[in-house]
Amino acid sequence: MGIEKTKKIVKKLETQLKTTSRQLVQFNTEEDTLQYICDSFREKLSADFVGIIVKMGNQLSIKSWSGADLSLTEAFPISIDRCSPSLFSYSKTYEEIKQETDCEINQLLLKEKVPTWFTVPLKNELGLFGFCIIGFFQKVKLYTELQTIFDEFGKDVAIAMLYQREKQHKQELQLLLNYQQTLVKETLDGDSIEGITESLSNLLSCSVILMDRFMRPISYKLVVDQGEELQLLVELATYEIVQKHSKKLWGSTHLDDQRKIAVWPIDVGGDLLGYLVIDITPIKVNDYFQLSIDVARNIYSVQFMKQKLVLDTKEQVKDSFISKLLTEHIEDLESIFRYANLFNWDIRRPHFVAILAFTLVNDSTFTILEKEAYKSRLWERLKSNITIYYPEVQIINKSGEIILISPESDTNPKSYWSKFYEDVKKWISREAKDVHVCLAIGGKTKKITDYYRSYLEAVKTLNVVKVKFKDYGFALFDELGAYTLLHQIDLQMVMIFINKHLLPLLKYEGTNMDLYHTLHMYLQYNGNIKETSEVLYIHRSTLQYRLERIESILNVELNSSEDRFNLMMAIKLYDLFRDELAIPMERV
């Protein structure tokens, strides 16, 4: 009679499990399916609790639970290595596994003083998903005849989980396709970055911020738009960007232990254009999430490029009309005023024209193309900083020269340009340590035709800065003293004077300028042998020998005040007109 009763119980449970199996594919999500299994098991087996524990990487996590709340749930996730492998092989009872004292699942249930429990593996030929655990708070007889039936049911559950995951994956791909089409439409139909940000936020159900390369928010959609939410996320993102520069910049909990963000760069061809910031606190990061981010980054890159092309076109127009302004004879004055109005530039206001130049200190490791590309990237970043912090300054590229045109400010010109120069050096030092910066500022303009004059003065000043004020780095034409008069001398007269008083020494040395530099320092220190030798780091006798060679080559007497005056004048003219004299002097 006992055998017949057991058979009836087994048959009844088998029928109920098969009925449950047939219901598994009707649910919309994996979560609903697993919750139905837990509730159904607990009802049909009169269990006190039922839980489904799934494998996620190298850990076990509770996916669904029904019945009594146990403190053991707080121990999850648990490493798979700390659990008995037999839990994943076939159905196990507490009596079979109680000897495995190193199994953490067993230890947790013993600690809870659960007298009866068993497990059912959830696996099929395609893989292992986890196991189901069923527990009772009183002694219950477990029938060994049900082991095979439970194992088969576990396979049905595994198939149902696989089906739900495939269905969810298909739905996610469809959503991703629709999302991509929406973003492409936003890109083709308009220039609105806000539409892209809103679509991404709606898809992921999280806060999204787009920042420019200077880490300033330019578009955002917040799930909870209250208080200082935007400021908090921007601070978190800024911290992460400063800390790490790589393709993926995963967030940390630096400012708020409850928040986690992810930051990705938006770039095109290696040029950084901005950053995409996602609040991933409520998000499950998976392949679908990453695909969504990759699509958004590509669309953002296209949108940034569209805007960059528009800006580049405007820059080309501005460069063209300012280049016409910086010519000796302005042919179409009306067009100059028209373009100036187009850029909201009060061209009649007094301005200073300046030239900014930077050179690589150690450029021997670069090819010509690499050097130009490096300088171009450096200049683009520098130009962006100038635009932000000195919006009043007009910036153009004239035949490879970086021209700056700044209106007269309320502060002293030297103070203004000194601060400007220090800021430029600071910005460049953040990008590179092997760059030397020179800044030359022409005189103030009073009328339109003065822009060309101020530009020429800046060119002359740059020559002087590179030679005389190299360590100082910048100079204003109006403070160059005698140079302000010398630059007005006719070039032909300059050539004649230099050829007569300095050319023999320059031709004698070629690229080796030791004697020229010695003469320059000797005259600068008023013929003082002691001071000159110290500044040149040479012995007095070596200096005496060099001075004798100079006297011989130039046929002069350095003790003669007249000869020293002519030589000093020739050196100043050479410093001032060096670039213009380079070709004519080679012909001599």
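Each remark here, short or long, concerns the structure printed above.
In this report, the structure presented in the accompanying data block is examined. (Residues numbered from 1 in each chain as written. Predicted model: local features only at pLDDT ≥ 70, side-chain atom pairs only at ≥ 80, totals over all residues. Heavy atoms only, no water.)

Remarks on empty space enclosed by the protein
For clarity, the cut-off: Cavities and pockets were defined on a 1 Å grid built over protein atoms only: a cavity is a set of grid points that admits a 1.4 Å probe from which the probe cannot escape, a pocket is an open set flanked by protein on both sides within 12 Å along at least five of seven lines, and lining residues are those with an atom within 4 Å of any such point. Grid points are joined across faces, edges and corners, and a volume is the space filled by probe spheres set on the points. Each helix is a run of H or I in the DSSP string that is no shorter than four residues. Each strand is a run of E no shorter than two, and both are numbered from the N terminus. Note on residue categories: nonpolar means Ala, Val, Leu, Ile, Met, Phe, Trp, Tyr, Cys or Pro, charged means Asp, Glu, Lys or Arg, and polar means any other residue, Gly included.
What the rule picks out here adds up to 2 cavities of 30 Å³ or more. Computed from the structure, the largest cavity encloses a volume of approximately 50 Å³. Contributions of two or more residues to the lining of the largest cavity are made by β1 (49-56) and α4 (104-111). By residue number, the principal contributor to the lining of the largest cavity is α4, which donates 3 residues. Of the residues assigned to the lining of the largest cavity, the class counts are 9 nonpolar, no polar and no charged. Size it by volume and the second largest cavity reaches roughly 30 Å³. In this structure, the second largest cavity is lined by I37, F41, I52, V120, L122, C132, F153 and V157. Broken down by secondary-structure element, the contributors of at least two residues to the lining of the second largest cavity are α2 (30-45), β5 (116-124) and α5 (147-189). Here the residues of the lining of the second largest cavity sort into 8 nonpolar, no polar and no charged.

Comments concerning the packing of aromatic side chains
The way to describe two aromatic rings as a pair is by their centre distance and the angle between their planes. Convention followed: Classification of ring pairs uses Phe, Tyr and Trp, with its six-membered ring standing for Trp, and accepts pairs whose centres are within 6.5 Å; under 30 degrees between planes counts as stacked, over 60 as edge-to-face, and the remaining range as tilted.
If you walk through the whole model with that rule in mind, you get 12 aromatic pairs. Grouped by ring-pair contacts, the aromatic residues Y389, Y390, Y416, W417, F420 and W427 constitute a single cluster.

Overview of the pairing of strand β12 (residues 351-360)
Filter applied, for reference: Remark: exposure states derive from per-residue accessible area (1.4 Å probe, protein chains only) relative to the maximum for the residue type, with buried under 20%, exposed over 50%, and partly exposed in between. By this definition, two strands are paired if DSSP reports at least two bridges between them.
A large share of β12 lies buried, amounting to 9 of its 10 residues. Two elements, β12 and strand β14 (residues 401-407), share 6 bridges in a ladder whose sense is antiparallel. The residue of β14 that forms the bridge with I355 is I403. Here 8 bridges tie β12 to strand β15 (residues 435-444), and the two strands are oriented antiparallel to one another. In the strand pairing of β15, A354 is matched with I441.

Comments concerning a nonpolar patch on the surface
Our working rule: Patch membership requires over 30% relative accessible area and the absence of a salt bridge. Like charges are linked within 9 Å, and nonpolar side chains (Val, Leu, Ile, Met, Phe, Trp, Tyr) within 5 Å. What sets the accessible areas is the Shrake-Rupley method with a 1.4 Å probe; for residues, cover comes only from the shown protein chains. Salt bridges are counted wherever a side-chain nitrogen of Lys or Arg sits within 4 Å of a carboxyl oxygen of Asp or Glu.
A contiguous nonpolar patch, built from V317, Y339 and L342 and spanning about 250 Å² of accessible area, is present on the exposed surface. The residue Y339 is located in helix α9 (residues 333-342) in this model. The class for Y339 is partly exposed, based on a relative accessible area of 31%.

Brief notes about the sheet that holds β12
Using the following cut-off: For helices, the axis comes from a line fit to the C-alpha atoms of the stretch in contact; other axes are also lines fit to C-alpha atoms, and the angle between any two N-to-C directions lies between 0 and 180 degrees. Whether two residues are in contact is decided by their heavy atoms: any pair within 4.5 Å suffices.
In space, the 5 strands of this open sheet follow the order β13-β14-β12-β15-β16, with mixed pairing throughout. With partners counted over all chains shown, the strands left at the sheet margins are β13 (394-398) and β16 (474-476), one partner each. Geometrically, the sheet is characterised by an average inter-axis angle of 20° between neighbouring strands, direction not taken into account. Docked against the sheet, helix α10 (residues 368-389) engages β12, β13, β14 and β15, running at close to 145° with respect to β12. Packed on one face of the sheet, helix α11 (residues 413-431) meets β12, β14, β15 and β16 and runs near 155° to β15.

Don't take any of this as a statement about function, it's just geometry.
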